[in-house]
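# Architecture at a glance
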Amino acid sequence: MDVSITGVGMTRFESDAQASTLELAERVAWDALEDAEIDSSAVESVHVGNMAAEALDSRTGLENAVCGALGIEGATADRIENTSASGASALLRAVDAIRAGRSRTALVVGVETMSSVDTDTATDVISSLTHDREYVQGLTLPSFAGLAADAYLERYDADREALAAVAVKNHRNATVNPYAQFQKEVTLDEALKSPPVAEPLRLYDCCPTSDGAAAVVLTADGDGEVQLSAIEGATGSHAVAERADPLEIESVALAGERAMARASISHEDVDVACIHDAFTILELLELEELGFYDNGQAWRATLDGRTDRGGELPVNPGGGLKARGHPLGATGVSQVIELVWQLRGDAPGEGRQLDDPDVGLAINVAGFGNNSICTIVKRA
Amino acid sequence: MNESREPTVESDDAGQAFRCTNCSSSWYYTRGRCLDCGSSSFETYRLGPGRVVATTTVHATPPGVRTPNHLGLVRFDDGVSLIAQLESSGVSVGESVGFGEIVTLREGDATSIGPQLTTE
Ligand SMILES: [Zn+2]
């Protein structure tokens, strides 16, 4: 069954939106319904992607609060938790609901408010996704990224410029994105000299914490301009060290392979990609795991400008997690919204529209590869 | 959710791995059954020296964890791999490390102690 994306809505991602999780969710839900030109009464299912509202904003039952706020009655609704891929997981459930005939109009809301707790609390909440034996060692997401970056630079004889080039590109893309948290350029030198976070990674190799929300409306057999052709997920190992190779993220490879097969496309068909760059090293690893570049080649492609907005494969034209921001549960939905904008030809921001893309791919990753969801959208 | 997680493994066992008494398969990351044969009968054993695959030094650490936190991804015999605290910085990829002194790994509601990896 065809699934159309008929409406999108998004807040600017910010370090402190000065709004509750529910307020952000409500705002983008209305925006998406307006964009789809439907009333809230038409919504038959609600799928809220959120990692930790109970811990970060003392909020449970978010899905029901959203329905109440929008006056949605009698819908099927729940909240989907898959850590930093909660947004794409919620989208996957919405597509399933439509394909199963349970819902003809689905509202997907991804949301997170991270500013209402202090950094220590936020760090502890996020690192609670690790295995117990990782947790006692004090491991955080940047720790895994630092180890992977160390292994990557060593194996492929690259230096930190290979990583910094990702940050520079994604910041440049975000300068003209009105929805981005950071709308400022970063030079290679600034990125290289920023304070170390998890060596070899520096501050500019890491995404920020953010508040934000993003919503889409999906319809069955819709005549929307954008079709959701495939959305596929795959789990990977929980304990990161159990991977045969530290540069392998099997969940990304598998989700990508499945989604491309289902959408009947090959790599050459993809005109734009949104990659889960929570750390610069992840953009490189995921591009390789997805098969866009051979192992050890993504950094060269990035340095050569081949993933720039004007390159052979524009990657993260909205700035990615790095510069657009990363409000956990909202990220996966915001990636797909960026693709929808690019495919519809109405990407907000001066000079941000790509040249006539037909096919877009997004990968949203939970934890450091515990679970990944790949979405492919096509212009109808 | 402000309280820290209580580890399910006795933390002074951080230098120990698990071995299935039925099929001899080994693993480090605690689980209730052997993934190779499904047996729930296993023993612990002390990990011998392993080889460093990658290192990092983390400067922003969670509450109760030392700053900076030196970490190593290390491979041991029997296919066991883990990420654990290195006693000090300056350990290189390819070096041999083993578990040494018992120290505090993470302070909190349930303080975790265990051995750190050292080149000794
Ligand atoms: Zn066994």
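Just above sits the structure.
Residues numbered from 1 in each chain as written. Chains lettered and ligands numbered in written order. Predicted model: local features only at pLDDT ≥ 70, side-chain atom pairs only at ≥ 80, totals over all residues. Heavy atoms only, no water.

### Topic: the overall build of chain B
A count of helices and strands for chain B gives zero helices and eight strands. Along the first, second and third principal axes, the C-alpha atoms of chain B reach 40 × 40 × 20 Å. By residue count, 45% of the 120 residues in chain B fall in the buried class. Of the contacts made within chain B by residues no fewer than 6 positions apart, 42% connect residues no fewer than 24 positions apart. Carbon together with sulfur atoms contributes 41% to the accessible area of chain B, which is approximately 5,800 Å² in total. Charged side chains of chain B number 9 positive and 15 negative; the gap between the two group centres comes to 8 Å. (Helix = DSSP H or I, 4+ residues; strand = E, 2+ residues; numbered from the N terminus. Buried < 20%, exposed > 50% of the residue type's maximum accessible area, 1.4 Å probe, protein only. Contact = heavy atoms within 4.5 Å. Areas by Shrake-Rupley, 256 points an atom, 1.4 Å probe, with all protein chains shown as cover. Lys, Arg positive; Asp, Glu negative; His and termini not counted. Charge placed at Lys NZ, Arg CZ, Asp CG, Glu CD.)

### What about the pattern of salt bridges?
Residue and element names in this part refer to chain A. Inspection of every chain in the model, using the stated rule, returns 17 salt bridges over all chains. Note that Arg-379 and Asp-356 form a salt bridge whose closest N and O atoms lie 3.3 Å from each other. Taken as a pair, Arg-379 in strand E11 (residues 371-379) and Asp-356 in the loop between helix H14 (328-344) and strand E10 (359-366) lie far apart in primary sequence, 23 residues in all. Several salt bridges share partner residues, and in doing so they unite Asp-35, Arg-344 and Asp-346 into one network. (Salt bridge = Lys/Arg side-chain N within 4 Å of Asp/Glu carboxyl O.)

### Let's talk about the layout of surface pockets
The gaps left among the atoms become clear once a water-sized probe is rolled over them. Computed from the structure, the largest pocket encloses a volume of approximately 790 Å³. Along its surface, the largest pocket is lined by 35 residues, and A:Pro142, A:Cys206, A:Cys207, A:Pro208 and A:Thr209 are the ones closest to its centre. Of all elements in the fold, only helix H5 (119-127) and helix H7 (141-155) of chain A reach the threshold of two or more residues within the lining of the largest pocket. Here the lining of the largest pocket takes six residues from H5(A), the largest share from any one element. Tallied by class, the residues present in the lining of the largest pocket amount to 20 nonpolar, 12 polar and three charged. Taken as a whole, the second largest pocket holds about 230 Å³ of empty space. Around the second largest pocket sit 16 residues that line it, and A:Glu242, B:Ser26, B:Trp27, B:Arg31 and B:Gly79 are the ones nearest its centre. Across the lining of the second largest pocket, the residue classes tally to six nonpolar, four polar and six charged. (1 Å grid on protein atoms, 1.4 Å probe; cavity = no way out; pocket = protein on both sides within 12 Å on 5 of 7 lines; lining within 4 Å. Points joined across faces, edges and corners; volume = space filled by probe spheres on them. Nonpolar A, V, L, I, M, F, W, Y, C, P; charged D, E, K, R; others polar.)

### Points about the coordination of the zinc ion
Residue and element names in this part refer to chain B. Looking at the metal site, the zinc ion is ligated by Cys-20 (SG), Cys-23 (SG), Cys-34 (SG) and Cys-37 (SG), spaced 2.3 to 2.4 Å from it. Taken together, the four donor atoms coordinating the zinc ion and their angles of 98 to 115 degrees define a geometry best described as tetrahedral. Taken in chain order, the donor set of the zinc ion reads C-x2-C-x10-C-x2-C. Linking Cys-23 in the loop between strand E1 (16-20) and strand E2 (26-27) with Cys-37 in the loop between E2 and strand E3 (42-46), this pair joins segments that are 14 residues apart in sequence. Judged by its relative accessible area of 35%, Cys-37 is partly exposed. (Donors = N, O, S within 2.8 Å, 3.2 Å for Na, K, Ca; no water. Tetrahedral: all angles 85-135°; square planar, octahedral: opposite > 155°, others 65-115°.)

These figures capture arrangement, not role.
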